[in-house]
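# Coordinate analysis (summary)
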Amino acid sequence: MTEHLKQKLNDSAVLRWSVLALVAFTMLCGYFLTDVMSPLKPMLEKELLWDSLDYGFFTSAYGWFNVFLLMLIFGGIILDKMGVRFTGMGACLLMVFGCGLKYYAISTTFPEGAMLFGFKTQVTLAALGYAIFGVGVEIAGITVSKIIVKWFKGKEMALAMGLEMATARIGTTLAMVLTVPLADFFGSMDESGTFHTNIPAPILFCLIMLCVGTIAFFLYTFYDKKLDASLDAEGLEPEEPFRMKDIVYIITNKGFWLIALLCVLFYSAVFPFIKYAADLMVQKYNVDPKLAGTIPGLLPIGAIILTPLFGSLYDRIGKGATLMIIGSVMLIFVHTMFALPILNIWWFATIIMIILGFAFSLVPSAMWPSVPKIIPEKQLGTAYALIFWVQNWGLMGVPLLIGWVLNTYCKGPVVDGAQTYDYTLPMAIFALFGVLALIVALMLKAENKKKGYGLEEANIQK
């Protein structure tokens, strides 16, 4: 009986997985808004008169505050000092506020020619809302990573991280598949009989979802309080408090930098690609704009199924560094296929997108559970924050770079009032990121062999 009383709260499988469901749902709501504008790019150009540079500027806003104001790094330090409850609730409120501002910007008609900071007022305000949301969703991401380590260490950690990522990817899929139908459903005819899509409608839907996600996280905080109480009752030594010198330990660790570099290179070839993928389907593969989000929508669907599978594989047999190398090779293959002027048919694009789904599952399912093998738990919040900070340079800079490249070098003729683009050069840039990711993954495997981080070893402790 005394043995049973000594059980920690996270020894209960039902509680562990229930907690995961709550925080993963919060991330699903966040990822829905992250990608909700991607299928709307052609409509933004037609209805709101944006161009590719406006869209690139707006999309890059995601990383502004995280990168230049170091909000992510402060978020990581706050997480290690104040804990997951305080930090997570703060992140949720930032997401809701940022989404609200973005909805206001997109749903308001500003005077023609109104400018703010050299861009259209609407574009700038929408970007500002997206930047605030970006701080919230990224800090929520590092908080949830630390929550999973807290509840699953020595247990099914990579599977739990894989399932959390898979749930978040459902948000991306919903964004790709639901956005255009929602905008069309709430659209209206003008007096001349021309149909106008309702671009603000899907953003309002996201705002409601984010409010529900915030309530889900609030419910989680009660479980977290109980877990802390159960750890105290067991008399477990509290961890040493976080100190500023811990940051020095992290940034002087070569393994940490290799993971961070792999992260930024890999995600720079995936997330910014998703922002332009629906437009690529229209421009290169002649897919109907109404269905263009469906093929990129397969990318997260593949990840939903495969990320937990690969995570479970890593838990049981290890081989984390090897999985990252295989994923990087697949990434190079995919973007090279998209760049080459061959088989410009929708079914070929679908097959390539499914292969990208495999890569998109392999690398993250091995990368995130590898961080706790390199960095001690008390420094994890800050380590994840620093990795996300490095990643945000890519999430901010690459969409802007691609938007600029499209606007400057890739314009084709205007057809039916819509600008056409040639995507060969942008896809070649994405392929280059894949090559660099492969080089870093090989260096990480060599470093693991030298330092014995255990990246090739299983996670579940027998």
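The name an unreviewed UniProt entry assigns to the protein chain is Lysosomal dipeptide transporter MFSD1, from the organism Bacteroides xylanisolvens. The heading Sequence similarities (unreviewed entry) in the UniProt record of the protein chain holds the text "Belongs to the major facilitator superfamily."

What follows concerns the domain arrangement of the protein chain. According to the domain assignment, the protein chain consists of domain 1 (11-240) and domain 2 (244-461). Placing a centre on the C-alpha atoms of domain 1 and another on those of domain 2 gives a separation of 19 Å. At the boundary of domain 1 with domain 2, total buried surface from both sides reaches about 4900 Å², with 69% on carbon and sulfur atoms. Area buried by domain 1 at its contact with domain 2 is led by V67, R169 and M176, which between them contribute 12% of it. Taken together, the connections running from domain 1 to domain 2 amount to two salt bridges. The shortest N-O distance in the salt bridge between K275 and D35 comes to 2.9 Å. Our count for the domain 1 to domain 2 interface comes out at 14 residue pairs in polar contact (both at pLDDT 80 or more). Going through the elements one at a time, α2 (13-34), α3 (41-47), α4 (52-60), α5 (64-68), α6 (71-82), α8 (121-152) and α9 (157-185) are the ones with two or more residues in the side of domain 1 that touches domain 2. For the side of domain 1 that touches domain 2, the leading source of residues is α9, giving 15 residues. Tallied by class, the residues present in the side of domain 1 that touches domain 2 amount to 28 nonpolar, 15 polar and 15 charged.

A word on the side chain of S60. Tracing the backbone shows S60 in helix α4. There is a polar contact of 2.9 Å between the side chain of S60 and the backbone oxygen of F57. Setting aside chain neighbours within four positions, we find S60 in contact with L395, M396, P399 and L400.

In this structure, D224 sits in helix α10 (residues 200-233). Of the residues examined, D224 reaches a relative accessible area of 1% and is grouped as buried. A polar atom in the side chain of D224 sits 2.6 Å from the side chain of R85.

As a further point, take the layout of surface pockets. Of the pockets and cavities examined, the second largest pocket occupies roughly 670 Å³. Contributing to the lining of the second largest pocket are 25 residues, with P42, M43, K46, P289 and A418 lying nearest its centre. Elements with a minimum of two residues in the lining of the second largest pocket: α3, α13 (271-283), β5 (411-415) and β6 (418-421). No other element matches the five residues that α3 contributes to the lining of the second largest pocket. Within the lining of the second largest pocket, the residues separate by chemical class into 12 nonpolar, six polar and seven charged. Residues lining the lining of the second largest pocket come from more than one domain, with at least three contributed by each of domain 1 (11-240) and domain 2 (244-461).

Looking at chain direction, β5 and β6 are connected through three bridges and run antiparallel. Bridging across to β6, K411 finds its partner in Y421. The antiparallel hairpin formed by β5 and β6 contains two residues in its connecting segment, where D416 sits at a positive phi of about 50 degrees.

Another aspect to go through is the packing of α8 against α9. Taken N-terminus to C-terminus, the directions of α8 and α9 make an angle of 145 degrees; their axes are 9 Å apart at the nearest point. Once α8 is placed against α9, the crossing between them reads as right-handed. Across the interface between the two elements, V144, S145, I148, V149 and F152 from α8 touch M157, A160, M161 and E164 from α9.

Structurally, V282 is set in helix α13. Along the backbone, V282 and M330 are 48 residues apart, and their C-alpha atoms lie at a distance of 24 Å. In contact with V282, not counting residues within four places along its chain, are V287, P289 and A292.

A surface patch of nonpolar side chains, about 880 Å² in accessible area, is lined by F68, L69, L70, M71, F74, I78, M82, F86 and W393. In terms of residue count, α6 provides more of the nonpolar patch than any other element does, four residues in total. Relative accessible area serves as the criterion here: at 31%, M71 is assigned to the partly exposed category.

Another point: the packing of aromatic side chains. According to the stated counting rule, one finds 27 aromatic pairs in the structure shown. Relative to W393, the ring of F68 lies with its centre 5.5 Å away and its plane at 85 degrees, an arrangement referred to as edge-to-face. Remark: W393 occurs in helix α17 (residues 380-409) and F68 occurs in helix α5; sequence separation between them is 325 residues. According to the relative accessible area criterion, F68 is exposed, its value standing at 53%. Grouping aromatic residues by their ring pairs yields a cluster made of Y31, F266, Y267, F271, F360, W368, Y384 and F388.

Definitions and cut-offs
Residues numbered from 1 in each chain as written. Predicted model: local features only at pLDDT ≥ 70, side-chain atom pairs only at ≥ 80, totals over all residues. Heavy atoms only, no water. UniProt positions renumbered as here; feature names shortened; annotations may be inferred. Domains from an automatic or database assignment. Buried area = accessible area lost by both parts, 1.4 Å probe. Salt bridge = Lys/Arg side-chain N within 4 Å of Asp/Glu carboxyl O. Polar contact = N/O pair within 3.5 Å; in protein donor to acceptor, adjacent residues only side chain to side chain. Helix = DSSP H or I, 4+ residues; strand = E, 2+ residues; numbered from the N terminus. Nonpolar A, V, L, I, M, F, W, Y, C, P; charged D, E, K, R; others polar. Contact = heavy atoms within 4.5 Å. Buried < 20%, exposed > 50% of the residue type's maximum accessible area, 1.4 Å probe, protein only. 1 Å grid on protein atoms, 1.4 Å probe; cavity = no way out; pocket = protein on both sides within 12 Å on 5 of 7 lines; lining within 4 Å. Points joined across faces, edges and corners; volume = space filled by probe spheres on them. Pairing = 2+ DSSP bridges. Axes fitted to C-alpha atoms, helices over the stretch in contact; angles between N-to-C directions. Left-handed = near helix turned anticlockwise from the far one by under 90°. Patch = residues over 30% accessible without salt bridge, like charges linked within 9 Å, V, L, I, M, F, W, Y side chains within 5 Å. Areas by Shrake-Rupley, 256 points an atom, 1.4 Å probe, with all protein chains shown as cover. Phe/Tyr/Trp six-rings, centres within 6.5 Å; stacked < 30°, edge-to-face > 60°.

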